[in-house]
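A structural walkthrough
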Amino acid sequence: MEKLNILQKDYTLNQNGYQLKLPLNIDCIIPKDDSVRLLSQFVEEMDLSDLYSTYQRIPENPSPRTILKVVLYAYMNGDFSSRDMEEDCRRDINFMFLLEGAPVPDHATFARFHTLHFALCSKKILAAVTKFLYSIGEISGEDIFIDGTKIEAYANKYTFVWKKATTKNLEKLLKKLAAFVESCEEMYGLKIVYQNKVTVKHLKKLRKKLYRLKADEGIEFVHGTGKRKSPLQKSIETLEQYLEKLKEYTQKLYVCGDRNSYSKTDHDATFMRMKEDAMGNGQLKAGYNIQHGVDSEYITWLTVGPQPTDTTTLIPFFKDLEEYVDDFKYQRVTADAGYESEENYLFLEENGQLAYIKPQNYEISKTRKYKKDISRRENMEYHADRDSYICRNGRELTVTNERRSKTASGYVSVKTYYRSPDCTGCPYKTECIKGNNCKTPMEKRNKVLMVSKTMSQKRAEDLERITSEYGTMLRMNRSIQAEGSFADVKEDMNFRRYLYRGKANALAESILLAMGRNINKLHCKIQTGRTGSHLFSLKTA
């Protein structure tokens, strides 16, 4: 038996027993109904002029269109790492089919494509996908289902910066600076502040004068063990430390902006509570709030933001959508209770859209305890002609005053206060008047109701819509389609954490996920014969 020398770099020298076999064309091996063929055809139909415009010199082999195909197919199959994409291109025939004989790009090429090119035009490409699906009749353009989730950012857990703590530290530093400037004026006979208000200009002026004193007196700064620093050196070093801290706190507050926190690793990420809590202690993690707008099971639009709740995301979502997608306008908006607010109701009404938003008290209002609670205005008799409520004991609550309050987004709401003139001797007082933290004794307290008339009216109109047969069907479709999109992304595709830092890169990753998921959904619909279907119908017993 002949022994072959296997200890050599070229392993093909010992493959004499292998014979070259046909076919050499990879296209013959891939099944005709494989999703990679649909992906290739889908991307070929897209207008990628915005993507090509991000290149100074357009590469030819492989082209940006080919790289987009490879990246999308990797996301469709749950491979998000650029190194995994490079390995797939060398081993997987489906990726070789997409490359069409082009050399395999390295992992750095995929990373640059994501951050330097696709991230700059990701919204326009998603808008092009949505318009294409609308043109072929795959989305209705009438009903949109909205839901949100939080995905962890590419940042460490303990890199938090809290706005409240930074503000407190800055206030303490400013007090120290004021005392320090005053002591320097007395010690060195200087006059810096004239109106008892220390500013950065005064601090720079003080530093300049202290360094001039050092030069005039010829003082040499000393460092190290056994050497005594002069009072002037101590003053200058203390001032430099204070100025450095002042610069640090100011920069942190600037990065925070309107947020309460951010991560030192990823400045765009905000600390928020996640559903995935491995320690079970409600630990905050740096992440992004991603919003999906789903139509006919396709993700037609999405946004990524720092909001910890969903209430303030609805208006920016639709403004963003209408800026990029102008071929159609959704007529009905279906969302869960997290999106209900007076501001959102009025925005959708002014925008010519019907709100199918589940009220926040919808579930609890069906309980027996809620219906028997005499302290709630819903269980009181209302007289529209006198604009007053009648309580259980038959006493009338009339309007006393109105107050205006401004939300964090700047919306001003009007609250009307109804008050009972005298609740003395009422047998239902302890059941009607709630709250044990009031300083006024119970026997001296009177019933007060705070009502937003606009919110009450819009909620009543919305409740009538969502409890209709069509509204029930829309709510059922929201739970299937909107929440199903996140189930596909987080469970089926196993995407739980972003791989790139920054909001723009996180948005680009989310859009690649959405596009990959849309193509998978289109492939599934084509193969099961469900193309053109938009809503699931209610099942009757």
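As a starting point, this report considers the structure included with it. Computed from a prediction, not measured in an experiment: that's the story for all the values here.

Turning to unusual backbone geometry, a few remarks are in order. Put simply, N61 and P62 share a cis peptide bond, and its omega is 5°. Along the polypeptide, P62 turns up in the loop between helix 2 (49–52) and helix 3 (64–76). Even without a glycine there, the phi angle at S296 is positive, about 55°. Within the secondary structure layout, S296 lies in the loop between strand 5 (284–295) and strand 6 (298–305). Backbone geometry places N494, a non-glycine residue, at a positive phi of 60°.

Quick look at the layout of surface pockets now. In this approach a probe as big as a water molecule rolls over the atoms, and the regions it shows empty are the leftover space. Volume-wise, the largest pocket comes out at about 620 Å³. As for the largest pocket, its lining consists of 26 residues, and the residues nearest its centre are G305, P306, Q307, P308 and T312. Sorting the residues of the lining of the largest pocket by element identifies strand 4 (270–273), strand 5, strand 6, helix 11 (314–324) and helix 17 (503–528) as the ones contributing at least two each. Looking at the lining of the largest pocket, its residues break down into 9 nonpolar, 12 polar and 5 charged. Taken as a whole, the second largest pocket holds about 420 Å³ of empty space.

Evaluated as defined, the whole model comprises 17 aromatic pairs. Measuring from ring centre to ring centre gives 5.0 Å for Y389 and Y418, while their planes differ by 90°; the resulting arrangement is edge-to-face. With Y389 in strand 10 (residues 388–390) and Y418 in strand 12 (residues 412–419), this residue pair connects regions lying 29 residues apart in the sequence. Note on Y418: relative accessible area 1%, which makes it buried. Between K214 and the ring centre of F221, over which it is positioned, the NZ or CZ distance is 4.1 Å. Over the aromatic face of Y417 sits the side chain of R403, whose NZ or CZ is 5.0 Å from the ring centroid.

This part covers the pairing of strand 5. Within strand 5, 11 of the 12 residues are buried, leaving the element largely enclosed by the surrounding structure. Of the strand pairs in this sheet, strand 4 and strand 5 are connected by 4 bridges, and their pairing is antiparallel. Across the sheet, the residue bridging to M272 is K285, located in strand 5. Hairpin connection, strand 5 to strand 6: the antiparallel pair is bridged by 2 residues, and S296 has positive phi, about 55°.

It is worth spelling out a positive patch on the surface at this point. A contiguous patch of positive charge on the surface is contributed by K164, K168, K172, K175 and K176. On the secondary structure map, K172 appears in helix 8 (residues 163–188). According to the relative accessible area criterion, K172 is exposed, its value standing at 53%.

Quick look at the packing of helix 1 (residues 35–44) against helix 3 now. A pair of packed helices can be characterised by two numbers: the angle between their axes and the separation between those axes. Between helix 1 and helix 3, whose axes approach to 10 Å, the crossing angle comes to 140°. Comparing the axis directions of helix 1 and helix 3 gives the class oblique. Once helix 1 is placed against helix 3, the crossing between them reads as right-handed. Along its contact with helix 1, which presents S35, V36, L39, S40, V43 and E44, the element helix 3 presents R65, L68, K69, L72, Y73 and M76.

Rules behind the numbers
Residues numbered from 1 in each chain as written. Predicted model: local features only at pLDDT ≥ 70, side-chain atom pairs only at ≥ 80, totals over all residues. Heavy atoms only, no water. Helix = DSSP H or I, 4+ residues; strand = E, 2+ residues; numbered from the N terminus. 1 Å grid on protein atoms, 1.4 Å probe; cavity = no way out; pocket = protein on both sides within 12 Å on 5 of 7 lines; lining within 4 Å. Points joined across faces, edges and corners; volume = space filled by probe spheres on them. Nonpolar A, V, L, I, M, F, W, Y, C, P; charged D, E, K, R; others polar. Phe/Tyr/Trp six-rings, centres within 6.5 Å; stacked < 30°, edge-to-face > 60°. Buried < 20%, exposed > 50% of the residue type's maximum accessible area, 1.4 Å probe, protein only. Lys NZ or Arg CZ within 6 Å of the ring centre and 35° of its normal. Pairing = 2+ DSSP bridges. Patch = residues over 30% accessible without salt bridge, like charges linked within 9 Å, V, L, I, M, F, W, Y side chains within 5 Å. Areas by Shrake-Rupley, 256 points an atom, 1.4 Å probe, with all protein chains shown as cover. Salt bridge = Lys/Arg side-chain N within 4 Å of Asp/Glu carboxyl O. Lys, Arg positive; Asp, Glu negative; His and termini not counted. Charge placed at Lys NZ, Arg CZ, Asp CG, Glu CD. Axes fitted to C-alpha atoms, helices over the stretch in contact; angles between N-to-C directions. Parallel < 35°, antiparallel > 145°, perpendicular 65-115°, else oblique. Left-handed = near helix turned anticlockwise from the far one by under 90°. Contact = heavy atoms within 4.5 Å.

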